[in-house]
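Given next are the chains, with one letter for each unit.
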Amino acid sequence: MRDYLLTLCVTAAVTYLLTGPVRKFAIATGAMPEIRARDVHREPTPRLGGIAMFFGLCAGLLVADHLQNLNSVFEQSNEPRALLSGAALIWLIGVLDDKFELDALIKLGAQMISAGVMVAQGLTILWLPIPGVGTVALTPWQGTLLTVALVVLTINAVNFVDGLDGLAAGMVCIAAAAFFLYAYRLWYGYTIEAAAPATLFAAILMGMCLGFLPHNMHPARIFMGDSGSMLIGLILAASAISITGQVDPDVLRLFEGSTREATHAALPVFIPLVLPLTIIAIPMADLVLAIVRRTWKGQSPFAADRGHLHHRLLEIGHSHSRAVLIMYFWSALIAFGTLAYSVHSTSMWIVLGVVALSAIGLVLLLLPRFTPRAPRWAQSVVPPRYRRRKPAAVTTESLGPVDPAGSAEGEREPVPAGVNGATALGHRSRFTDRSKAGARG
C-alpha cells in the first residue's frame, strides 16, 4: 500500500506542477476556442490540460517500475506497456482535437484503434465469469470485440460528462478510488497477482485526477479537453478490462457446491467483475440518454446539445458548484455502495444505508423546487436567497411615458438570472430558450 500511495502522490504532483505551464502553452498556441452554445463558462478558457495528465501517467508508471514491490507488475505482465501505447495514441488524437476540432467519426476511429493496440499487446478480455456455470472462455474475436466496445463506451461516457468545471475529473477520481479498493482487495486479500496491474492503473488514475482538480475546480483556469477526458476514460476502461479478463474467477473458489450456493457465493465478487461499468453508472446513463434523445430528434448520436444530466441540474436551478457536488454524491453512492455490497452482501445495514442516502440525494435534486423563507427573527443570519423580499415601490415616473397601448416606453427587456439559471438573490430566468438569454454553456 505504501508503494501505491507513493506512486499516486508522484503522479498527482507531476500533474499539478505541469498544469500551470501547460495552461500558458495553450494560451500561446491559441488553444482557447470560442464559447459555444452548449458551454456553461463565461470566458474563453484554455484546453490541453490532458498534456499534464499524460505526463503524470508517464511519471507514475516510471516510478512504479523502480519500486521493489511494484516492479514485478512490469516483469510478469505486458499490460502497463499496452496501456501506455493505447494512452499515447488516444492522447495525441485528443491534443489535435483540442486545437483543430476533429470530426467525431475520426475520434471514434482513433478510440477503436487505441483499443486495438492494447488488445494486440495482451490487454484484453479472455473469459467471463458466470454464476452457476463457471468460467466461459471467449474466442479471440469475441474478446477483441468486447474489449473494443468497453473502451469506446467508457471513453465516450467520461467525455460526455466533461461539461462542468471539475465534474469529469472528480467523478473519475471517485470511480478510480472505489475500483482501487476492490482491486487491492483481490490482490492482497486473495493473493491474486493478476489483479496488481489494475490496482496500479487505478492508483495512477487517482493521482492524475487529484493533481488536475485544483486547476479545474469552478471557476476553472484550464480544461482537460478531449486530450484529458479520453485519456482518463481509456485508463478507467483498461483497469476494468484487466480485472474482468485477466483474473480467473476459479482462483477465488466461487463456483463450488450446488448451483444456488455457488451463485450466492459469487454474487459479491461477480457484480464488480462482470459489471465494471457500475463505477461509472452516472456517465454511462448520460451516454445512453444522449444517444436516445438525439436519435429520437433525428440528429446524429455525436451531435452536441444541452441535454446532459449536468445541464438539466443547472436548468432546474442548481448553481454550478452544487450541480457538481450532486453528481459527485451520486457517483460515490453507486461506486462505494457496490464496493460495500461486494464485501458484505449479507448485511442488511448496507442496503438500508444505500436507500437512506438515495433518499437524501433525491431531496438534494429537488431542492431548487422549494424556496423556503426564514422567519423574520432569522432574516439577518440566513443567506439572502431565503430572506423575505420587500415589494419594490413602483411609480409612474420610473416607468417613463406610457403609450396608448399601455406599454411602458422606458421598460427594459428582462435580464436573465444568470448562466446557471438562478442566483442567490432572485428567481430563475423567465427565458425558455437559454440561447436568447445570452447563455454561453
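Please read these numbers as outputs of a predicted model, since none were measured by experiment.

Colleague: Which residues make up the overall build of the chain, and what are the values?
Modeller: Counting its regular elements, the chain contains 15 helices and 2 strands. Of all 441 residues assigned to the chain, the portion counted as buried reaches 47%.

Colleague: Would you mind going over the packing of aromatic side chains in detail, with residue names and values included?
Modeller: With the rule as written, the count across this model stands at 10 aromatic pairs. For the ring pair F180 and Y184, a centre distance of 5.9 Å and an interplane angle of 20° mean the geometry is stacked. One end of the pair is F180 and the other is Y184, both in helix 7 (residues 167-189) and 4 residues apart, which spans about a single turn. Comparing F180 with Y184, the two get one shared label, buried. On the basis of an interplanar angle of 50° and a centroid distance of 5.7 Å, the ring pair of Y184 and W187 is categorised as tilted. Remark: W187 and Y184 occur in helix 7; sequence separation between them is 3 residues, near one turn of the helix. Neither Y184 nor W187 differs from the other in exposure class; each is buried. Members of the aromatic cluster, joined through ring pairs, are Y4, F180, Y184 and W187.

Colleague: Please provide a residue-by-residue account of the nonpolar core, values included.
Modeller: Within the largest apolar cluster, 89 residues are counted, with the highest numbers of intra-cluster contacts made by Y4, L57, L200 and L231. The element that contributes the greatest number of residues to this core is helix 7, accounting for 17 residues.

Colleague: Give me the lowdown on the state of the cysteines, citing residues and values where you can.
Modeller: According to the stated counting rule, one finds 0 disulfides in the structure shown. Just so you know, C173 is unpaired, no disulfide at all, and the nearest cysteine sulfur is the one on C209, 5.4 Å from it. Residue class for C173 comes out buried when judged on its relative accessible area of 10%.

Colleague: How would you explain the pattern of salt bridges if you had to name every residue and give the values?
Modeller: For the structure shown, the criterion picks out 3 salt bridges. Where R47 meets E101, a salt bridge forms, and the shortest distance between an N and an O atom there is 3.2 Å. Remark: E101 occurs in the loop between helix 4 (79-100) and helix 5 (104-120) and R47 occurs in the loop between helix 1 (2-28) and helix 2 (50-65); sequence separation between them is 54 residues. Looking at R47, the relative accessible area reads 9%, which means it is buried. In this structure, K107 and D226 form a salt bridge, with 2.9 Å as the shortest nitrogen-oxygen distance.

Colleague: Account for a nonpolar patch on the surface, with residues named and values stated.
Modeller: Nonpolar side chains collect at one region of the surface, where M348, W349, V351, L352 and V355 lie side by side and expose about 570 Å² of accessible area between them. When you line up the elements, M348 lands in helix 14 (residues 348-366). M348 sits in the exposed class, given a relative accessible area of 54%.

Colleague: Run through unusual backbone geometry, naming residues and quoting values.
Modeller: Of the consecutive residues H218 and P219, the connecting peptide bond is found in the cis state with omega at -5°. With respect to the helices and strands, the residue P219 is situated in the loop between helix 8 (196-216) and helix 9 (225-246). Of note in the backbone geometry, L48 takes a positive phi value of approximately 65° without being a glycine.

Colleague: Any details on the packing of helix 13 (residues 320-343) against helix 14? Residues and values, ideally.
Modeller: Where helix 13 contacts helix 14, the axes come no closer than 11 Å and their chain directions differ by 170°. Classified by the angle between their axes, helix 13 and helix 14 sit roughly antiparallel to one another. Facing helix 13, whose interface residues are I326, F329, W330, L333, G337, A340 and Y341, helix 14 presents I350, V354, L357, S358, G361, L362, L364 and L365. Across the contact of helix 13 with helix 14, the residue classes tally to 12 nonpolar, 3 polar and no charged.

Colleague: Which residues make up the packing of helix 7 against helix 13, and what are the values?
Modeller: Two numbers describe how helix 7 lies on helix 13: the axes approach to 9 Å, and their chain directions differ by 10°. One finds that helix 7 runs roughly parallel with respect to helix 13. Here L167, G170, M171, I174, A177, A178, L181, Y182 and R185 of helix 7 come into contact with helix 13, specifically with V324, M327, Y328, S331, A332, A335, F336, L339, S342 and V343. Its residues placed into classes, the contact of helix 7 with helix 13 shows 15 nonpolar, 3 polar and 1 charged.

Colleague: Talk me through the environment of T154; I want residue IDs and the actual numbers.
Modeller: By the element assignment, T154 lies in helix 6 (residues 140-160). Its relative accessible area of 1% is what places T154 among the buried residues. In this structure the C-alpha to C-alpha distance between T154 and A238, which are 84 residues apart in sequence, comes to 9.6 Å.

Colleague: Which residues make up the confidence of the model for the chain, and what values go with them?
Modeller: On average, residues of the chain score 76 in pLDDT, and 68% of them reach the 70 mark or higher. Mean pLDDT across the elements of the chain bottoms out in helix 15 (residues 396-399) (48) and peaks in helix 2 (96). Note that pLDDT drops below 50 for residues 402-441; the model gives that stretch 66 contacts with residues more than four away or on any other chain.

The rules behind these values
Residues numbered from 1 in each chain as written. Predicted model: local features only at pLDDT ≥ 70, side-chain atom pairs only at ≥ 80, totals over all residues. Heavy atoms only, no water. Helix = DSSP H or I, 4+ residues; strand = E, 2+ residues; numbered from the N terminus. Buried < 20%, exposed > 50% of the residue type's maximum accessible area, 1.4 Å probe, protein only. Phe/Tyr/Trp six-rings, centres within 6.5 Å; stacked < 30°, edge-to-face > 60°. Core = buried A, V, L, I, M, F, W, Y, C linked by side-chain atoms within 4.5 Å. Disulfide = S-S within 2.5 Å. Salt bridge = Lys/Arg side-chain N within 4 Å of Asp/Glu carboxyl O. Patch = residues over 30% accessible without salt bridge, like charges linked within 9 Å, V, L, I, M, F, W, Y side chains within 5 Å. Areas by Shrake-Rupley, 256 points an atom, 1.4 Å probe, with all protein chains shown as cover. Axes fitted to C-alpha atoms, helices over the stretch in contact; angles between N-to-C directions. Parallel < 35°, antiparallel > 145°, perpendicular 65-115°, else oblique. Contact = heavy atoms within 4.5 Å. Nonpolar A, V, L, I, M, F, W, Y, C, P; charged D, E, K, R; others polar. pLDDT = per-residue confidence, 0-100.

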